[in-house]
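Architecture at a glance
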Amino acid sequence: MQTLSTTSLQVRDNQLWILDQQALPQQKTWCVTPDVGTLVSHIKALRVRGAPLIGLSASLLLALLAEGGMPRNQLAESLEVLRAARPTAVNLMNNLDRMKLALTQENFVTALTFEALRLVEEDKTLCDSIAEAGSALVKPGSRLLTHCNTGGLATAGVGTALGVIVRAHQQGKVSHVWVDETRPLLQGGRLTAWELGERCVPYRLICDSMAASLMGQKQVDAIWVGADRIAANGDVANKIGTYSLAVLAHYHRIPFYVAAPHTTLDVHCPNGAAIPIEERDAREVTGVAGSFGDVQWAPENASVFNPAFDVTPAALIAGWILDTGVVTPAQVEAGIFQPSSANG
Ligand code: MRU
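Predicted model only: the values in this text are computed from it and were never measured. (Residues numbered from 1 in each chain as written. Predicted model: local features only at pLDDT ≥ 70, side-chain atom pairs only at ≥ 80, totals over all residues. Heavy atoms only, no water.)

Considerations on the overall build of the protein
- Per the secondary structure count, the protein includes 11 helices and 17 strands.
- In summary, the protein has a C-alpha radius of gyration of 19 Å against a globular reference of 20 Å for 344 residues, a match within 12%.
- Out of the 344 residues in the protein, the part that is buried amounts to 57%.
- The long-range share in the protein, meaning contacts at least 24 apart out of those at least 6 apart in sequence, stands at 74%.
- Accessible surface, the protein as shown: approximately 13900 Å² in total, 53% of it carbon and sulfur.
- Once the 26 positive and 32 negative side-chain charges of the protein are each reduced to a mean point, those two points are 5 Å apart. (Helix = DSSP H or I, 4+ residues; strand = E, 2+ residues; numbered from the N terminus. Rg over C-alpha atoms; globule rule 2.2 N^0.38 Å. Buried < 20%, exposed > 50% of the residue type's maximum accessible area, 1.4 Å probe, protein only. Contact = heavy atoms within 4.5 Å. Areas by Shrake-Rupley, 256 points an atom, 1.4 Å probe, with all protein chains shown as cover. Lys, Arg positive; Asp, Glu negative; His and termini not counted. Charge placed at Lys NZ, Arg CZ, Asp CG, Glu CD.)

This is how it looks when you write it as structure tokens:
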């Protein structure tokens, strides 16, 4: 396969390399990912993360395995193993459905490579379109709040919600960004802070629990988040803590926007209650681990509940910014995301 390079994925020497997002920002470590088992463990450990990026990495690996001579039946099995690696983000399933179709072609090796590379190129274009549509909603002088990481690290392009923020900053409309640290794995504190710094966008890092008082003091003009899955009724699954921000935004009358490519839309999922929510290891809550070290603060055997995502009801969302444009609450209520009329 041709050489390929995005912020956090590379193909070189016919191998997939991923930037270890658990080691960032202290270390910039590229890990070779030669087989399905390795990629699944990278995905589970969040070394590869972000809904679009997970789907792209799985597609590229399948194509590389095909080029390396893996037979069709084994590729089909590998595809299903990858599909199960993260249950909430639907981009993985959507991308793999396209790869599955390519696998049925007579010349499946060429077809898989073509499809994987096309998915990467498409993702860049989708991000640009989202940034364009979303930045038009940002008012001059805005103080924006964001959660988790939805930038170039999580996609092949400029990102989704963070792409909007960066584009609006380039247009001179962003005063500064409030970055939620995003417990428990600190994707905001580690990754969004790093990305905004790299792009010279002014930001201030806050603990998740500080958002309410900032909103109460009228220091937040709009909230921008990404999505792991958008149901047909407009409910949105995203990183845990998103729902609380939406409730707070509603109380304080602050617009709450969701930015995502159409590949995040699941028209066959009727509502948020039907979205599978991944539950993760207790150790993410009882302590913290990273390139900075490994600490545990909770008592040994503390009982823990650790859902990785939550669901924000459509009623709390001011706009869904897709690559196809801005979708309003009235359009969602009228059924724009329903299977019969959805563009996804
Ligand atoms: O667990 P993560 O870090 O993969 O969670 C990421 C998010 O919740 C993002 O908001 C979402 O995947 C969109 S990334 C463009």
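Re the packing of helix α2 (residues 51-67) against helix α4 (residues 90-103)
- With their axes 7 Å apart at the nearest point, α2 and α4 run at an angle of 30 degrees to one another. For the element pair α2 / α4, the angle class is roughly parallel. Viewed along their axes, α2 and α4 form a crossing whose handedness is right-handed. Facing A51, P52, I54, G55, L56, A58, S59, L62 and A63 of α2, the residues of α4 in contact are N91, L92, N95, L96 and M99.
- Residue composition of the contact of α2 with α4, by class: 10 nonpolar, four polar and no charged. (Axes fitted to C-alpha atoms, helices over the stretch in contact; angles between N-to-C directions. Parallel < 35°, antiparallel > 145°, perpendicular 65-115°, else oblique. Left-handed = near helix turned anticlockwise from the far one by under 90°. Nonpolar A, V, L, I, M, F, W, Y, C, P; charged D, E, K, R; others polar.)

Section: the environment of L53
- Relative to the elements of secondary structure, L53 occurs in helix α2.
- For the pair L53 and P255, spaced 202 residues apart in sequence, the C-alpha to C-alpha distance is 27 Å.
- Excluding its chain neighbours within four sequence positions, the residues that come into contact with L53 are S8, L9, Q21, V48, L153, A154 and T155.

Digging into unusual backbone geometry
- With an omega of 0 degrees, the peptide bond between L24 and P25 qualifies as cis.
- Turning to its location among the elements, P25 is positioned in the loop between β3 (15-19) and β4 (30-32).
- For the peptide bond that leads from R183 to P184, omega is 0 degrees, which places it in the cis range.
- Topologically, P184 is positioned in the loop between β6 (174-180) and α7 (187-198).

What to know about the site of the ligand
- Not every one of the 19 residues close to the ligand is listed here, only the nearest: R49, R86, Q187, N238 and K239.
- Between an oxygen atom of the ligand and a main-chain N or O atom of G50, the distance comes to 2.9 Å.
- With respect to the ligand, the side chain of D228 contributes an N or O atom lying 2.9 Å from an oxygen atom.
- For the ligand, the accessible surface in isolation is 410 Å², of which the surrounding protein chains cover 100%.
- Contributing elements (two or more residues each) for the shell around the ligand: α2 and β10 (236-239).
- For the shell around the ligand, a count of residues per class yields seven nonpolar, eight polar and four charged.
- Taken together, domain 1 (4-126) and domain 2 (138-334) each give at least three residues to the shell around the ligand, which thus spans both. (Near = heavy atom within 4 Å. Polar contact = N/O pair within 3.5 Å; in protein donor to acceptor, adjacent residues only side chain to side chain. Domains from an automatic or database assignment.)

Considering the UniProt feature "active site" (unreviewed entry) in the protein
- The residues that UniProt annotates with the feature "active site" (unreviewed entry) are D228.
- Relative to the helices and strands, D228 resides in the loop between β8 (222-225) and β9 (229-231).
- Setting aside its immediate chain neighbours within four residues, D228 contacts A51, T88, A89, V90, N91, A237, N238, K239, T264 and F309. (UniProt positions renumbered as here; feature names shortened; annotations may be inferred.)

Some remarks on the UniProt feature "site: Transition state stabilizer" (unreviewed entry) in the protein
- In the UniProt entry, the feature "site: Transition state stabilizer" (unreviewed entry) is given for C148.
- Of the residues examined, C148 reaches a relative accessible area of 8% and is grouped as buried.
- Once you skip the residues sitting within four places of it in the chain, C148 turns out to touch R49, D180, T182, Q187, G188, T192 and K239.

Description of the pairing of strand β7 (residues 203-206)
- Strand direction decides the pairing type here: β6 and β7, joined by four bridges, are parallel. Pairing of V179 across the sheet is with L205, part of β7. (Pairing = 2+ DSSP bridges.)

Section: the sheet that holds β3
- The strand order β1-β2-β3-β4 describes an open sheet built from four strands, whose pairing is antiparallel. Each edge of the open sheet carries a strand with a single partner, namely β1 (4-5) and β4.
- Bridging between strand β2 (residues 9-12) and β3 involves four bridges; their strand directions are antiparallel. Paired with L9 across the bridge in β3 is I18.
- Strand contacts of α2: β1, β2 and β3, with the helix running at about 15 degrees to β2, the strand carrying the most contacts.

Quick word on the nonpolar core
- Residues L16, L60, L75, L82, L96, M99 and L112 are the most contacted members of the largest nonpolar core, which totals 43 residues.
- Within the residue set of this core, elements represented by two or more residues are β2, β3, α1 (36-44), α2, α3 (72-83), α4 and α5 (108-135).
- The element best represented in this core is α2, accounting for 11 residues.
- Among all residues touching L60, those that are not within four sequence positions of it are M1, L4, L9, V11, L16, A116, L117 and V120.
- In terms of nonpolar packing, the next biggest core, distinct from the first, is built from 29 residues, I223, I254, V327 and F337 among them. (Core = buried A, V, L, I, M, F, W, Y, C linked by side-chain atoms within 4.5 Å.)

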